[in-house]
Amino acid sequence: MANTPNAVPTRTRNRRGEGSRLRDEIVAAAVELLDETGDESAITLRSVARRVGIAAPSIYRHFPDQPTIMLAVVQQAFAELEATLRTALNAATGDDRRRLFAVCHGYLDFAHEHPERYRTMFGGLWMPALEDTAVTRADLSALGDGCLGLLREVLDDCVAAGNATSTDPAADTIALWLGLHGLAHQRAVTVAFPWPPDIADRVITALAHLEPA
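Residues numbered from 1 in each chain as written. Predicted model: local features only at pLDDT ≥ 70, side-chain atom pairs only at ≥ 80, totals over all residues. Heavy atoms only, no water.

Draft legend 1. Main features of helix H5 (residues 115–123). All of the buried residues along H5 are Arg117, Tyr118, Thr120 and Met121. Taken around the axis of H5, the buried residues stretch over an arc of 165°, which confines them to a single face. Directly beyond the C-terminal end of H5, a positive phi value near 80° is found at glycine 124. (Buried < 20%, exposed > 50% of the residue type's maximum accessible area, 1.4 Å probe, protein only. Helix = DSSP H or I, 4+ residues; strand = E, 2+ residues; numbered from the N terminus. Arc of directions from axis to C-beta.)

Dropping the structure here:
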């Protein structure tokens, strides 16, 4: 049969027990669409199905609605960010201050290298009204827990070593994340601004309450 513009590409059927492979392919297709378009509205059941090579109703076996696909995309992005931070932490040499700076710069590097994913992780545009989706409040509140935990870990180490004067590491971890996020966002949207070359270190030093080196 001749191809038509709306034809669904042929896809090899999964063998028995390989249903999770299709779920992974759906998420991968959604990530590709996001990276290519920079627009989360481009991720629809129809566009994802077309990219994977399946009929749109087949998605419902794994995702009950479009927001649950977006949730999976964002969860994967946070997992990638956490892995980036962990790699930066493990590669850091020197004292706890260097470990803190390594994790914070790893965060900023991820935001710079994956702008579409980062914007979707924190933009909130994809988040639906909870009464209209299978996504739950618990799903949303858990996003980024691992990343925040790593920031807390390295800040706690600085406090324990006497290199930070924070008296409330839990609150200061949130403040540090907000500073990093704000800098990452502003760097992305004000590309012509003459940022001081040490602005990231200034933000980190101030918000982590670091003592002079």
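Draft legend 2. Quick peek at the pattern of salt bridges. Scanning the entire structure with this criterion turns up nine salt bridges. With its nearest N and O atoms 3.0 Å apart, the salt bridge here joins arginine 51 to glutamate 32. Highlighted residues: arginine 51 in helix H2 (residues 45–52) and glutamate 32 in helix H1 (residues 19–37), separated in sequence by 19 residues. With a relative accessible area of 33%, arginine 51 lands in the partly exposed category. A relative accessible area of 38% places glutamate 32 in the partly exposed class. Arginine 51 is the salt-bridge partner of glutamate 36, the closest N and O atoms lying 2.9 Å from each other. Taken together, the residues span a long stretch of sequence, with glutamate 36 in helix H1 and arginine 51 in helix H2 at a distance of 15 residues. Of the residues examined, glutamate 36 reaches a relative accessible area of 55% and is grouped as exposed. (Salt bridge = Lys/Arg side-chain N within 4 Å of Asp/Glu carboxyl O.)

Draft legend 3. Spotlight on the nonpolar core. Of all hydrophobic cores here, the largest spans 57 residues; its most connected members are Ile26, Val48, Ile59 and Leu100. The element best represented in this core is helix H3 (residues 66–91), accounting for eleven residues. Apart from the residues lying within four places of it in its own chain, the contact partners of valine 48 are Ile26, Ala29, Ala30, Leu33, Ile43 and Ile59. (Core = buried A, V, L, I, M, F, W, Y, C linked by side-chain atoms within 4.5 Å. Contact = heavy atoms within 4.5 Å.)

Draft legend 4. Broad picture of unusual backbone geometry. Of note, histidine 209 is a non-glycine position whose phi angle comes to about 55°, a positive value. Note that histidine 209 resides in the segment after helix H9 (199–207).

Draft legend 5. Layout of the confidence of the model for the protein chain. Summing up the model confidence of the protein chain, the mean pLDDT is 90 and the portion of residues at 70 or higher is 91%. Within the protein chain, no element has a lower average pLDDT than H5, which sits at 91, and none a higher one than H9, at 98. (pLDDT = per-residue confidence, 0-100.)

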